[in-house]
Amino acid sequence: MTLVTEADVADVSATPKISLKSVYKVFGERPEKALEMFQSGRSKAEVHAATGSTIGVSNASFDIQSGEIFVIMGLSGSGKSTLLRLLNRLIEPTAGAIEVDGQDITKMSRQELIALRRREISMVFQSFALLPNRTVLNNAAFGLEVSGMAEAERNKRALEALEAVGLSGYAQSYPDQLSGGMKQRVGLARALASEPTILLMDEAFSALDPLIRTEMQDELVRLQSEHSRTIVFVSHDLDEAMRIGDRICIMQDGEVIQVGTPDEIVTQPANNYVRSFFRNVDISQVFKAGDVARKTQVTIIERQGVTAAAALERMKSFDRDYAIILGRDKTFHGVVSQTSLIEKLRAKDPDPYRSAFLPEIEPIPADEPLANVLGRVAGSPWPVPVIDDRKRYIGSISKSTLLETLDRAS
């Protein structure tokens, strides 16, 4: 693994939800011999020629934080689906440790593993895998039925899951009465009904038409905002990965090449393989306003004792035409210019700060896609302020900042 970076959205100080440590998967009748040869420096081709075994996953080591959408992607045969199935031991690892909440699941007994799957982990596959002779409600409740839950309780939880995905009105319908997108929602509801903390999704939306696929991606993000889970999502689609992923894991020939946020991978690709993946990415769809905001503007804390004249002098000393006015808690109050302050000081305005605020300045939320603010920044005579969800100032985007960002990623 050549580069691993952590997302700001995750609390890396906490115990990871899932942690992989030197995980290998060898397919074939002589996995131990094959692994020994590979670890001693023999190539995969040499290992296969000597043993008939194939290295499916090689030395995978990374953490997945609680509450993030972690996307695994790569070309066909890269090992992404194999890696996903190792996380709940649908495929048994050949070597290494896979920890869930700090507990190594490779050392669990069969009974312990079944209990973990029922309690913590659900899976959604590419195929809808619905039972045609069962109603939507009974399909959504199927996993709970298998686990032995009483009918009343499992139907209650299945109905709640169907409501969460917008299908409560179809509880008594049958699969052949549903569209493709609706069938996949039933599959998602079935996974959600067990109230898992981990959701594994293997190419879950790839069989859907593009428009329905986008709707399902939006639905997944919406569900995540309402009830945060750790979601591991396998995809071969770059747009999908960039759209939903908090972090992305790039695989090639069984190896984890890079793990990082979408913007980290676009701007700091680990090698030419990763670079080629993202060569034609529209960077304005990847970055958020908060990713490119810079604290290069003069900021002034609005408080007693800081006069407008002192603020003007500070702007002159830093050779800035504009200044950002903040509260003591760093909340954004407004923007002033040298010209507006001078005018109010000359007029002996009793409250020169407030009256000097430039009109009609609406700050940009940090999570706003850059594509949505290009025109606004380009048309603004001053840098546009960016704020977080608590209205605190985190920086500004100027025309030059915007051009540098787009140029750096091109």
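As a convention, each chain's residues are numbered from 1 in the sequence order in which they are written. Residue-level local features of this predicted model are given only where pLDDT is at least 70; pairs of side-chain atoms are given and counted only at 80 or more, and the full residue set underlies all totals for whole chains, interfaces and linings. Note that the side-chain values use all heavy atoms of the structure and ignore hydrogens as well as water.

Labelled according to an unreviewed UniProt entry, the protein chain appears under the name Quaternary amine transport ATP-binding protein, originating from Rhizobium helianthi. UniProt positions are given in the numbering used here, feature names are shortened, and annotations may be inferred rather than shown by experiment. Recorded in UniProt under Subunit (unreviewed entry), the annotation for the protein chain is "The complex is probably composed of two ATP-binding proteins, two transmembrane proteins and a solute-binding protein."

This part is about the overall build of the protein chain. Looking only at helices and strands, the protein chain has 19 helices and 17 strands in total. Across its three principal axes, the protein chain shows a C-alpha extent of roughly 85 × 60 × 35 Å. Burial status follows relative accessibility: with a 1.4 Å probe on protein chains alone, a residue under 20% of its type maximum counts as buried, one over 50% as exposed, and anything between as partly exposed. By the burial criterion, 50% of the 410 residues in the protein chain qualify as buried. Contacts were defined at the residue level, with two residues in contact if any of their heavy atoms lie within 4.5 Å. Long-range pairs, those at least 24 residues apart, make up 65% of the contacts in the protein chain with a sequence separation of at least 6. Roughly 19,700 Å² of accessible area belongs to the protein chain as shown, and the carbon and sulfur atoms make up 47% of that amount. Between the averaged position of the 48 positive side-chain charges in the protein chain and that of its 55 negative side-chain charges there is a distance of 2 Å. Helix and strand labels come from DSSP, where a helix needs a run of H or I of at least four residues and a strand needs a run of E of at least two; each type is numbered from the N terminus. With residues, only the protein chains shown are counted as cover, and all accessible areas are computed by Shrake-Rupley using a 1.4 Å probe. We score Asp and Glu as negative and Lys and Arg as positive, and we do not count His or the chain ends. Positions of charges follow a simple convention, taking NZ of Lys, CZ of Arg, CG of Asp or CD of Glu.

In this analysis the probe radius is 1.4 Å and the grid spacing 1 Å, with only protein atoms considered; a cavity is a set of points the probe fits into but cannot get out of, a pocket is an open set with protein on both sides within 12 Å along at least five of seven lines, and lining residues have an atom within 4 Å of a point. Grid points are joined across faces, edges and corners, and a volume is the space filled by probe spheres set on the points. Tallying each qualifying case throughout the model produces 1 cavity of 30 Å³ or more. Lining the largest cavity are Q297, Y322, A323, I324, V335, W382 and P383. Examining the composition of the lining of the largest cavity, we find that 3 residues originate from one element, strand 13 (residues 322–326), more than from any other. The residue classification treats Ala, Val, Leu, Ile, Met, Phe, Trp, Tyr, Cys and Pro as nonpolar and Asp, Glu, Lys and Arg as charged. All others, Gly included, are polar. Residue composition of the lining of the largest cavity, by class: 6 nonpolar, 1 polar and no charged.

Counting buried positions along strand 9 (residues 230–235) yields 6 of 6 residues, so the element is predominantly enclosed. Burial along strand 9 is two-sided: the face carrying T230, V232 and V234 and the face carrying I231, F233 and S235 are both buried. A pair of strands is treated as paired once DSSP finds two or more bridges between them. One ladder, built from 5 bridges, connects strand 4 (residues 69–74) with strand 9; its direction is parallel. Pairing of F70 across the sheet is with V232, part of strand 9. Across 5 bridges, the pairing between strand 8 (residues 198–202) and strand 9 is parallel. Within the sheet, the bridge partner assigned to L199 lies in strand 9 and is I231.

Here a ring pair, both rings aromatic, is described through the centre-centre distance and the interplanar angle of the planes. Two aromatic rings from Phe, Tyr or Trp, using only the six-membered ring of Trp, form a pair when their centres are within 6.5 Å; if the ring planes differ by under 30 degrees the pair is stacked, by over 60 it is edge-to-face, and anything between is tilted. Under the definition given, this model contains 4 aromatic pairs. Measuring from centroid to centroid gives 6.5 Å for Y24 and F38, while their planes differ by 75°, and the two rings are edge-to-face. One end of the pair, Y24, is in strand 2 (residues 18–27); the other, F38, is in helix 1 (residues 31–39), with 14 residues separating them in the sequence. The pair formed by Y24 and F38 is uniform in burial state, with each residue classed as buried. Note on F205 and F233: the rings are 5.4 Å apart at their centroids and 55° apart in plane angle, and the pair reads as tilted.

What follows covers the environment of F27. Secondary-structure assignment places F27 in strand 2. Looking at F27, the relative accessible area reads 33%, which means it is partly exposed. Residues F27 and P93 lie 66 residues apart in sequence; the distance between their C-alpha atoms is 9.7 Å.

What follows covers the side chain of S396. Positionally, S396 belongs in strand 17 (residues 393–397). The definition of a polar contact used here is a pair of N or O atoms within 3.5 Å, where within protein one atom must be able to donate a hydrogen and the other to accept one, and adjacent residues in sequence count solely through side-chain atom pairs. Here the side chain of S396 touches Y393 through a polar contact of 2.7 Å, side chain to side chain. Those residues in contact with S396 that lie beyond four places of it in its chain are V292, A293, R294, Q297, I324, P383, V384, P385 and V386.

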